[in-house]
Amino acid sequence: MYQWTEKFEPQQDWVTLIIILIFALCVHLLKINPHQFKLLVSFWRSNTYFKIYEKEKYVNPLNMFNLTLTMISLITITLLSYFFYEKILISLLGGISYIIFFLFISALIFIRYFLLKFIFRLANKSEIYLRTIFRSISFYAIISIYSLLFFSIYYYRFPNNNNFLIIIILMILCSVFLSHLTIYLRIIMTNPNRLVYLILYLCTFKISPWLLLYKSIY
């Protein structure tokens, strides 16, 4: 007699566990501050969200709500970058392992973060720095949550459709670009004299590291 046997698929298991973990973190945020989380995921109401929560009590990056948002973003970005590397970039990068690839990008991000913090401290603009970081954390979290939704559709419904994955990555990049553009425009509008410093920051800490990465790959 034939009997049903369970088939263990480790790759699918760890991805599912990560998705469940992010869902649990979202539930945790909903319990901490239901109104803030509901308003956060309603990205079309972002102006209302920042008007209410862009205050000293909430903008601290070490705030539990913000720390959880950062965890969600980091886990989601790591997951998506892994699949993007395995499905698309591995043919371009050749023998470079994903760990080296990920550590290189992470190092660029952390160095840029601490340099930006150092520059704002020297300029005595700590308040602007905290608000900028708060907006970045919030935007990254919104993008991560919705990206995970599309990724789940890809992973469980179209696992072999690399074009769908590319579309998701392009949507993420466009969303990140537009969200950061709103942050920079806001800085310029509050003080047009900061335009020169903003351009220097963009060239030095936003553009040149990725050009360096591109050059190292090709």
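Cut-off values and rules
Residues numbered from 1 in each chain as written. Predicted model: local features only at pLDDT ≥ 70, side-chain atom pairs only at ≥ 80, totals over all residues. Heavy atoms only, no water. Helix = DSSP H or I, 4+ residues; strand = E, 2+ residues; numbered from the N terminus. Buried < 20%, exposed > 50% of the residue type's maximum accessible area, 1.4 Å probe, protein only. Contact = heavy atoms within 4.5 Å. Areas by Shrake-Rupley, 256 points an atom, 1.4 Å probe, with all protein chains shown as cover. Phe/Tyr/Trp six-rings, centres within 6.5 Å; stacked < 30°, edge-to-face > 60°. Lys NZ or Arg CZ within 6 Å of the ring centre and 35° of its normal. Salt bridge = Lys/Arg side-chain N within 4 Å of Asp/Glu carboxyl O. pLDDT = per-residue confidence, 0-100. Axes fitted to C-alpha atoms, helices over the stretch in contact; angles between N-to-C directions. Left-handed = near helix turned anticlockwise from the far one by under 90°. Nonpolar A, V, L, I, M, F, W, Y, C, P; charged D, E, K, R; others polar. Core = buried A, V, L, I, M, F, W, Y, C linked by side-chain atoms within 4.5 Å. Patch = residues over 30% accessible without salt bridge, like charges linked within 9 Å, V, L, I, M, F, W, Y side chains within 5 Å. Arc of directions from axis to C-beta.

A word on the overall build of the protein
A count of helical and extended segments in the protein gives 9 helices and 0 strands. Ordered by position from N to C terminus, the α and β elements of the protein give α-α-α-α-α-α-α-α-α. Counting across all 218 residues of the protein, residues that qualify as buried make up 38%. Residue pairs in contact within the protein that sit at least 24 positions apart in sequence constitute 69% of those at least 6 positions apart. About 14,400 Å² of surface is accessible on the protein, with carbon and sulfur atoms providing 70% of the total.

Quick look at the packing of aromatic side chains
What the rule picks out here adds up to 18 aromatic pairs. Just above the ring of Phe50 sits the side chain of Arg135; from NZ or CZ to the centre is 4.2 Å.

Re the pattern of salt bridges
For the structure shown, the criterion picks out 1 salt bridge. Across the pair Glu54 and Arg135 runs a salt bridge, and its minimum N-O distance is 2.6 Å. A residue pair is termed long-range when its members are at least 10 positions apart, and Glu54 in the loop between α3 (46-53) and α4 (56-59) and Arg135 in helix α7 (residues 126-157) qualify at 81 residues. Assessed through its relative accessible area of 10%, Glu54 is described here as buried.

Describing the confidence of the model for the protein
Residues at a pLDDT of 70 or more form 68% of the protein, whose mean pLDDT is 77. Mean pLDDT in the protein bottoms out at helix α9 (residues 195-217), which sits at 55, and peaks at helix α2 (residues 34-41), which reaches 92. Counting interchain partners and residues more than four positions distant, the pLDDT-below-50 stretch residues 1-10 has 1 contact.

A short note on the packing of α2 against α3
Running from N to C, α2 and α3 cross one another at 145 degrees; their axes reach a closest spacing of 8 Å. Like other packed secondary-structure pairs, α2 and α3 cross with a definite hand, here left-handed. On the side of α2, the interface is formed by His35, Gln36, Leu39 and Leu40, while α3 contributes Thr48, Tyr49, Ile52 and Tyr53. Class assignment of the residues belonging to the contact of α2 with α3 gives a composition of 5 nonpolar, 3 polar and no charged.

Focus on the nonpolar core
Soluble globular proteins: nonpolar side chains tend toward being buried together. Of all hydrophobic cores here, the largest spans 42 residues; its most connected members are Tyr49, Phe83, Phe151 and Tyr154. For this core, the elements supplying multiple residues, two or more each, are α1 (10-32), α2, α3, α5 (64-93), α7 and α8 (162-190). A total of 13 residues in this core trace back to one element, the largest contributor, which is α7. The contacts of Tyr154, once residues within four sequence positions are left out, are Phe83, Lys87, Pro159, Asn161, Asn162, Phe164, Leu165 and Ile168.

So, the side chain of Ser136
Mapped onto the fold, Ser136 is located in helix α7. Residue class for Ser136 comes out buried when judged on its relative accessible area of 13%.

What to know about a nonpolar patch on the surface
Together, Leu149, Phe150, Ile153, Phe158, Ile167 and Met171 make up a nonpolar patch on the protein surface, roughly 500 Å² of accessible area in all. Those elements that place two or more of their residues in the nonpolar patch are α7 and α8. Among the elements that make up the nonpolar patch, the one with the highest residue count is α7 (3 residues). The topology assignment puts Leu149 in helix α7. Taking relative accessible area as the criterion, Leu149 reaches 49% and is therefore assigned partly exposed.

Comments concerning α3
What α3 keeps buried is the set Ser46, Tyr49, Phe50 and Tyr53. Buried residues of α3, seen end-on, are gathered within an arc of 90 degrees and therefore sit on one face of the element. Opposite the packed face of α3, turned more than 90 degrees from it, sit the exposed residues Asn47 and Lys51.

Let's talk about the environment of Leu130
Within the secondary structure, Leu130 is located in helix α7. When its relative accessible area of 29% is taken as the criterion, Leu130 is described as partly exposed. Separated by 72 residues in the primary sequence, Leu130 and Tyr58 have C-alpha atoms spaced 9.7 Å apart. Once you skip the residues sitting within four places of it in the chain, Leu130 turns out to touch Val59 and Pro61.

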